[in-house]
Amino acid sequence: MRGITALGAGVALWLCGTAASMAAPALTVLCAVDEAWCSAMQRVYEAKSGLEISMTRRSTGDILNQIRAEKAAPTADVWWGGTGDTHLQAGSENLLEPYHPAHESDMLPWAQNFFALSGGRSAGIYAGALGFAYNADLLRKLKLPAPACWKDLADAAYRGRIESGNPNSSGTAFTTLATLVQLFGEDEAFRFLAQLNRNIARYTSAGADPVKAAARGETVIGISFMHDAVTQKQAGYPLVIVAPCEGTGYEIGAVSIVKGARHPAEARRFVDFVLSPEGQSTGAAAGQNQVPSNARSVLPAAAPDISMIKMVDYDFATFGSPQERSRLLQRFDAEIAPTN
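This is a predicted model, so every value here is computed, not measured.

Definitions and cut-offs
- Residues numbered from 1 in each chain as written.
- Predicted model: local features only at pLDDT ≥ 70, side-chain atom pairs only at ≥ 80, totals over all residues.
- Heavy atoms only, no water.
- Axes fitted to C-alpha atoms, helices over the stretch in contact; angles between N-to-C directions.
- Helix = DSSP H or I, 4+ residues; strand = E, 2+ residues; numbered from the N terminus.
- Left-handed = near helix turned anticlockwise from the far one by under 90°.
- Contact = heavy atoms within 4.5 Å.
- Nonpolar A, V, L, I, M, F, W, Y, C, P; charged D, E, K, R; others polar.
- Expected span 1.5 Å × (residues − 1).
- Buried < 20%, exposed > 50% of the residue type's maximum accessible area, 1.4 Å probe, protein only.
- Polar contact = N/O pair within 3.5 Å; in protein donor to acceptor, adjacent residues only side chain to side chain.
- Salt bridge = Lys/Arg side-chain N within 4 Å of Asp/Glu carboxyl O.
- Disulfide = S-S within 2.5 Å.
- 1 Å grid on protein atoms, 1.4 Å probe; cavity = no way out; pocket = protein on both sides within 12 Å on 5 of 7 lines; lining within 4 Å.
- Points joined across faces, edges and corners; volume = space filled by probe spheres on them.

**Q** Can you explain the packing of helix H2 (residues 35-49) against helix H12 (residues 277-285)? Please cite residues and give values.
**A** Interhelical geometry of H2 versus H12 gives an angle of 145° and a closest axis separation of 9 Å. Along this stretch, H2 crosses H12, giving a crossing that reads as right-handed. Of the residues in H12, those touching H2 at Trp37, Ala40, Met41, Val44 and Lys48 are Glu278, Gly279, Gln280, Thr282 and Gly283. When its residues are assigned to classes, the contact of H2 with H12 shows four nonpolar, four polar and two charged.

What follows is the structure in structure tokens.
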């Protein structure tokens, strides 16, 4: 009986150990790119590394808030994707771990500049221009004018016909806010946002949701990054993609290692992979159309040619500071008061 009891105890311990190992992933990643790319990256990396990873998709601003809240005891190892100015804010708050990735020398100039600006705490993985897209079938049915500029979106003809992200949670929407401030000056930008607010049917938490809604015919116009609209157009939806006539801003999507990560060695290996041509090709394979940062990566065939778009000289240093983000968001909440 004692032998049986010992055997049973040993089996119990083995089962507990097995359950613990299954419940504890080798790496925890917070993902801020499209859900399809999050899933594709998880499958490819797990197959390549032989490790089980936890991949959770969240909006950029929500990830920043989580990393801030968990500063004393982080549960995430890597923050992958999302607008670079938000990564810069986290870096300036000492929430990220510096790391020089294996493919640093292969990065395009804009990515190398971003890496230097971050103090080596965040690496650029893709770039994309901001814009909007409208559903051509709905526009025709409702007999609405075709918008070509930011200021066109304030036309009363679009009342309740536009969706945009909420900059408190969406990195895309914060880029929109910062872009308008740089294009028009802050006070004029907020006057325009107040006019635009009358036409907004819904503020979304995720930046790609507005063009997805426009694609499905749930709204006429969605404000998002142009590559997200291209993905919907490739899927067969009747979208017309617009680079605003006044000019527009852009994002550098980034990857960062969380300071105090529980699995630092595996986090570094993951960052090396997502910056490699193989890792960056997972985006195109998942139907994404951002411009990859590695000069050796293949540009997706449908990626918008950002060299042909009128761009602002986006000030990542200013709009990547926590103080400026906080100040602009406080003004946005006070004057625009988004309710959803």
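**Q** I'd love a proper account of helix H7 (residues 171-184), names of residues and values included.
**A** The α-helix advances 3.6 residues per turn, and as a result positions three or four apart in sequence lie on the same side. Between the first and last C-alpha of H7 there are 20 Å, a value that for 14 residues agrees with the 20 Å anticipated at 1.5 Å per step. The element H7 is largely enclosed, with a buried count of 12 among its 14 residues. Residues Gly171, Thr172, Ala173, Phe174, Thr175, Thr176, Leu177, Ala178, Thr179, Leu180, Val181 and Phe184 constitute the buried set of H7. Where H7 begins, the side chain of Ser170 points an oxygen toward the backbone nitrogen of Thr172, at a separation of 3.3 Å. Two residues or fewer past H7, Gly185 is found with a positive phi of approximately 90°.

**Q** Could you give an account of the pattern of salt bridges, with specific residues and numbers?
**A** If you walk through the whole model with that rule in mind, you get 16 salt bridges. Note that Arg331 and Asp187 form a salt bridge whose closest N and O atoms lie 3.0 Å from each other. In this pair, Arg331 is assigned in helix H14 (residues 322-335) and Asp187 in helix H8 (residues 186-197), connecting sequence segments 144 residues apart. Residue classification places Asp187 among the partly exposed residues on the basis of a relative accessible area of 44%. In this structure, Glu335 and Arg331 form a salt bridge, with 2.7 Å as the shortest nitrogen-oxygen distance. Taken together, the residues span about one helical turn, with Glu335 and Arg331 both in helix H14 at a distance of four residues. In this structure, a network of salt bridges that share partners links the residues Glu186, Asp187, Glu324, Arg327, Arg331 and Glu335.

**Q** Before we move on, could you go through the state of the cysteines and cite the residues and values that matter?
**A** Counted according to the given criterion, the structure contains two disulfides. Here Cys31 connects covalently by a disulfide to Cys38, the sulfurs 2.0 Å from one another. The sign of the -85° torsion about the S-S bond sets the Cys31-Cys38 disulfide as left-handed. Here the two residues Cys31 and Cys38 agree in accessibility, since each one is buried. There is a disulfide in this structure between Cys149 and Cys245, and the S-S distance comes to 1.9 Å. Here the S-S torsion is close to 120°, and the disulfide linking Cys149 with Cys245 is therefore right-handed. With Cys149 in the loop between helix H6 (136-142) and strand S6 (162-165) and Cys245 in the loop between strand S9 (239-242) and strand S10 (250-258), this residue pair connects regions lying 96 residues apart in the sequence. Residue classification places Cys245 among the partly exposed residues on the basis of a relative accessible area of 42%. Here the bonded cysteines of the protein chain are numbered in sequence order, and their pairing is 1-2, 3-4.

**Q** Residues and numbers for the side chain of Asn199, please.
**A** Checked against the element boundaries, Asn199 lands in the loop between H8 and strand S7 (200-204). In contact with Asn199, other than residues within four places in its own chain, are Leu153, Ala154, Asp155, Ala156, Tyr158, Arg159, Gly160, Arg161 and Ile162.

**Q** Which residues make up the layout of surface pockets, and what values go with them?
**A** Roughly 160 Å³ of internal volume is contained in the largest pocket. Forming the walls of the largest pocket are 19 residues, and the residues nearest its centre are Gln280, Ser281, Gly283, Ala284 and Pro292. For the lining of the largest pocket, the secondary structure elements donating two or more residues are H2, strand S5 (122-135), H12 and strand S11 (291-292). If one sorts the elements of the lining of the largest pocket by residue count, H12 sits on top with five residues.

Worth remembering: the numbers are spatial, not functional.
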